[in-house]
Amino acid sequence: MVSALIPDMSLDVAASAPWDAMVIGAGTSGCTAAAQLVRNGFRTLLVDGAVFPRPKVCGGCLAPAGVRGLRESGLGAALERTEPLKVDRLDVSVGGCSATLPIPAYHVIDRRHLDHNLVHEVVRSGGAYMGGTRAVIQEDDAVVLAVDGEERVVRPKVLVVADGLQGTALSRRDDFAWVVKRRGYVGMGATVDRIDLPCRPGRVTMYSSASGYLGAAPISSGGWILAAAVSPELIRRIGKADAIAGILESNGVDSSLLGRIKWRGVSQLTRHRRKAAGGRILVIGDAMHYLEPFTGEGMSWGIHCAQHLVPFARSVADGGSVGTRWRKSCIRRLSRRRLTCRLVGAATRHPAVLKTALRAGRNRHVGAWLARRLCWRDS
Ligand SMILES: Cc1cc2nc3c(=O)[nH]c(=O)nc-3n(C[C@H](O)[C@H](O)[C@H](O)COP(=O)(O)OP(=O)(O)OC[C@H]3O[C@@H](n4cnc5c(N)ncnc54)[C@H](O)[C@@H]3O)c2cc1C
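The written sequence of each chain sets the order in which its residues are numbered from 1. Given that the model is predicted, a residue must reach a pLDDT of at least 70 before its local features are reported, and side-chain atom pairs must reach 80 or more before they are shown or counted; all residues, however, enter totals for whole chains, interfaces and linings. The basis for the side-chain values is all heavy atoms of the structure; hydrogens and waters are excluded.

*Asks:* Hey, could you run me through the side chain of D110 in this one?
*Replies:* By the secondary structure assignment, D110 is in the loop between β5 (97-108) and α5 (111-124). In protein, a polar contact requires one atom able to donate a hydrogen and another able to accept it; more generally it is a pair of N or O atoms within 3.5 Å, and residues adjacent in sequence count only if both atoms are side-chain atoms. Among the polar contacts made by the side chain of D110, one reaches the side chain of R112 at a distance of 2.7 Å. Per the convention used, a helix needs a DSSP run of H or I reaching at least four residues, while a strand needs a run of E reaching at least two, with both numbered from the N terminus.

Printed below as a string of structure tokens:
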């Protein structure tokens, strides 16, 4: 379910108000950051270039740590309004070898609805919001807000950049340039009303191959979310649809069952920024760093870091410098999960390794152990 229309603010009102903080990007990271700032007394403006509800390429599987993070940030009601479907089984298949792993309850949500409801909750708790508003940070940390060809300059005390992998807020700032992993996979996603693949309800299904993987997760509307990470070289050679078909065929699944899908794409996934803080700027979520999504926890990483943002924001608002402390703090909190993600990402490139793990995972105890490692339960 989607909340009623989100109250918006005019460009003139936004430009004349004395903001303590501006959050650029209203995805899961930005909304959690905004909720935390509002709770801690920051006059906060949340802006997003898109008009909500908007689509987002994402598998939609929110790990238990992310669920807890949203609840602890006062965003639990928004999550519940999205009517998440809980799944507790992961069917993984590689080269026709498959195993079912018992996972802790993931909440599967449609990002169109979750993000819209999160923004609504931020506004309800006292934050201000502007949709359809592109923000670009200048060399001197001033922000140019643009709506329908009109522009205004604002100078909040703190700028939280949560504009994701394809954001443009830092496009004028070479000091925050991306470092992109060569040979990293690109992301693809779609939401469909029905699916004819052999996917079972109440479970997430993953098909893996040496050149990418495809996941399918059921949502409460009765539809399915499809998400994939695929080698860009393969897509260049044979196109998106055939690349996905290849993943299915290598698992003995008739790819024609997938039907015609309109895939949305995102650029190369594994990347990080040269720096994550400087001047008034704190970067968060995918906008700071991202790894491939096999373990389904990108949302939870951003939510978790946002929960620890306020002391850093306070320091910036008071005119202090956080230097490299902000990035180090995030990396320290996520180091074990990022390592798991890297190892799983590497294993997917070597089907023989993944097959051995899956065969072992058929044993109940080994399967439970693997699932514990694979999924992020704890904050
Ligand atoms: C194929 C795939 C599958 C995935 N599956 C999962 C999964 O199952 N579970 C999971 O937890 N994670 C998954 N992820 C990762 C997850 O989608 C991201 O980690 C998460 O969306 C990051 O949220 P965010 O708030 O940082 O950025 P985003 O959700 O990308 O939000 C960024 C927002 O910034 C806005 N924006 C951009 N530029 C500007 C600007 N200049 N001014 C104003 N607004 C701007 C955009 O409109 C957007 O709304 C997956 C990712 C991919 C690619």
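Having seen it, we continue.
*Asks:* Any chance you could explain the site of the ligand here in plain terms?
*Replies:* Near the ligand lie 39 residues; those nearest to it are S29, D48, G59, R111 and D286. G60 places a polar main-chain atom, nitrogen or oxygen, 3.5 Å from an oxygen atom of the ligand. Between a nitrogen atom of the ligand and a main-chain N or O atom of A135, the distance comes to 2.9 Å. Look at the ligand: alone it shows 1,000 Å² of surface, and the protein chains cover 93% of it. Here the shell around the ligand is composed, by residue class, of 16 nonpolar, 15 polar and eight charged. Residue contributions to the shell around the ligand reach at least three from each of two domains, namely domain 1 (11-85 + 107-181 + 270-341) and domain 2 (186-268 + 345-374). One heavy atom suffices: a residue is near a molecule or strand as soon as one of its heavy atoms comes within 4 Å of it. Residue exposure ignores everything except the shown protein chains as possible cover, and the areas themselves are Shrake-Rupley values with a 1.4 Å probe. In this classification, the charged set is Asp, Glu, Lys and Arg, the nonpolar set is Ala, Val, Leu, Ile, Met, Phe, Trp, Tyr, Cys and Pro, and all remaining amino acids, among them Gly, are polar. Where each domain begins and ends is defined by an automated method or by a domain database.

*Asks:* Quick question: what am I supposed to make of the packing of helix α8 (residues 298-307) against helix α10 (residues 325-348) here?
*Replies:* Think of two packed helices as two axes; the pair is described by the angle between the axes and how far apart they sit. Here an axis means a line fitted to C-alpha atoms, over the contact stretch when the element is a helix, while the angle between two N-to-C directions is reported on a 0 to 180 degree scale. Contact pair α8 / α10: the axes reach a minimum separation of 10 Å and the direction vectors enclose 150 degrees. Taken together, the axes of α8 and α10 are roughly antiparallel relative to one another. Regarding α8 and α10, the two cross each other, and that crossing is right-handed. Counting all contacts with α8, which are made through W301, H304 and C305, the residues of α10 involved are W326, C330, R333, L334, R337, R338 and C341. Here the contact of α8 with α10 is composed, by residue class, of six nonpolar, one polar and three charged. Angle categories: roughly parallel below 35 degrees, roughly antiparallel above 145, roughly perpendicular from 65 to 115, and oblique for all the rest. Left-handed describes a crossing in which the near helix is turned anticlockwise from the far one by less than a right angle; the clockwise case is right-handed. Residues count as neighbours in contact if any of their non-hydrogen atoms are within 4.5 Å of one another.

*Asks:* What's the story with the environment of A368 in this structure? I'm lost.
*Replies:* Looking at the secondary structure, you find A368 in helix α12 (residues 364-374). The cut-offs for exposure are 20% and 50% of the maximum accessible area for each residue type, with area from a 1.4 Å probe on protein chains only; residues under the lower value are buried, those over the upper are exposed, and the others partly exposed. Assessed through its relative accessible area of 25%, A368 is described here as partly exposed. Put simply, A368 and R183 are 185 residues apart on the chain and 32 Å apart in space, counted from C-alpha to C-alpha.

*Asks:* Looking at this structure, how should I read the sheet that holds strand β18 (residues 277-278)?
*Replies:* Adjacent strands of a sheet form backbone hydrogen bonds with each other and so pair up, either parallel or antiparallel. One open sheet accounts for six strands, arranged β6-β2-β1-β10-β19-β18; its pairing is mixed. Only two strands of the sheet have a single partner each, and these edge strands are β6 (128-130) and β18. Here strand β1 (residues 21-24) runs beside strand β2 (residues 44-47); their pairing, made up of four bridges, is parallel. From the neighbouring strand, V23 faces β2, where its bridge partner is L46. Here, any two strands with at least 2 DSSP bridges between them count as paired.

*Asks:* How should I be thinking about the pattern of salt bridges in this particular structure?
*Replies:* Side-chain pairs of opposite charge can arise whenever the charged atoms involved come near each other. Salt bridges are defined by distance alone: a side-chain nitrogen of Lys or Arg within 4 Å of a carboxyl oxygen of Asp or Glu. Tallied over the entire structure, the rule returns 20 salt bridges. Here E80 makes a salt bridge to R71, at a shortest N to O gap of 3.1 Å. In this structure E80 comes out as partly exposed when scored by relative accessible area, which is 38%. Residue classification places R71 among the partly exposed residues on the basis of a relative accessible area of 44%. A salt bridge links E121 to R81, with the shortest nitrogen-to-oxygen separation between them at 2.9 Å. On the criterion of sequence distance, the pair formed by E121 in helix α5 and R81 in helix α4 (residues 76-81) is long-range, its members being 40 residues apart. One network of salt bridges, in which partners are shared, links D141, R173, D175 and K275.

*Asks:* What is the right way to read the domain arrangement of the protein chain from this model?
*Replies:* According to the domain assignment, the protein chain contains domain 1 (11-85 + 107-181 + 270-341) and domain 2 (186-268 + 345-374). Taking the mean C-alpha position of each, domain 1 and domain 2 sit 28 Å from one another. Contact residues are listed per partner, giving 27 residues for domain 1 and 25 residues for domain 2. Two parts lose some accessible area (1.4 Å probe) when they are put together, and adding that loss for both gives the buried area. When the two sides are added together, the surface that domain 1 and domain 2 hide from each other amounts to roughly 2,100 Å², 60% of it contributed by carbon and sulfur. The largest share of the area that domain 1 buries against domain 2 comes from V57, E292 and F294, three residues that together contribute 32% of it. Counting across the interface, domain 1 meets domain 2 through one salt bridge. E292 serves as the salt-bridge partner of R349, at 2.8 Å between the closest nitrogen and oxygen. Taken together, the links from domain 1 to domain 2 amount to six residue pairs in polar contact (both at pLDDT 80 or more). With three residues, α10 is the largest single contributor of residues to the side of domain 1 that touches domain 2. Considering only residue class, the side of domain 1 that touches domain 2 consists of twelve nonpolar, seven polar and eight charged.

*Asks:* Explain the packing of aromatic side chains here, please?
*Replies:* To describe a pair of aromatic rings, one takes the distance between the centres and the angle between the planes. By convention, a stacked pair of Phe, Tyr or Trp rings (six-membered ring in the case of Trp) has centres within 6.5 Å and planes under 30 degrees apart, an edge-to-face pair has planes over 60 apart, and any other such pair is tilted. Inspection of the entire model under this criterion finds four aromatic pairs. Measuring from centroid to centroid gives 4.8 Å for Y213 and F294, while their planes differ by 80 degrees, and the two rings are edge-to-face. Taken together, the residues span a long stretch of sequence, with Y213 in strand β14 (residues 212-218) and F294 in the loop between β20 (289-290) and α8 at a distance of 81 residues. In terms of burial, Y213 and F294 fall into one category: buried. Grouping aromatic residues by their ring pairs yields a cluster made of Y185, Y213 and F294.

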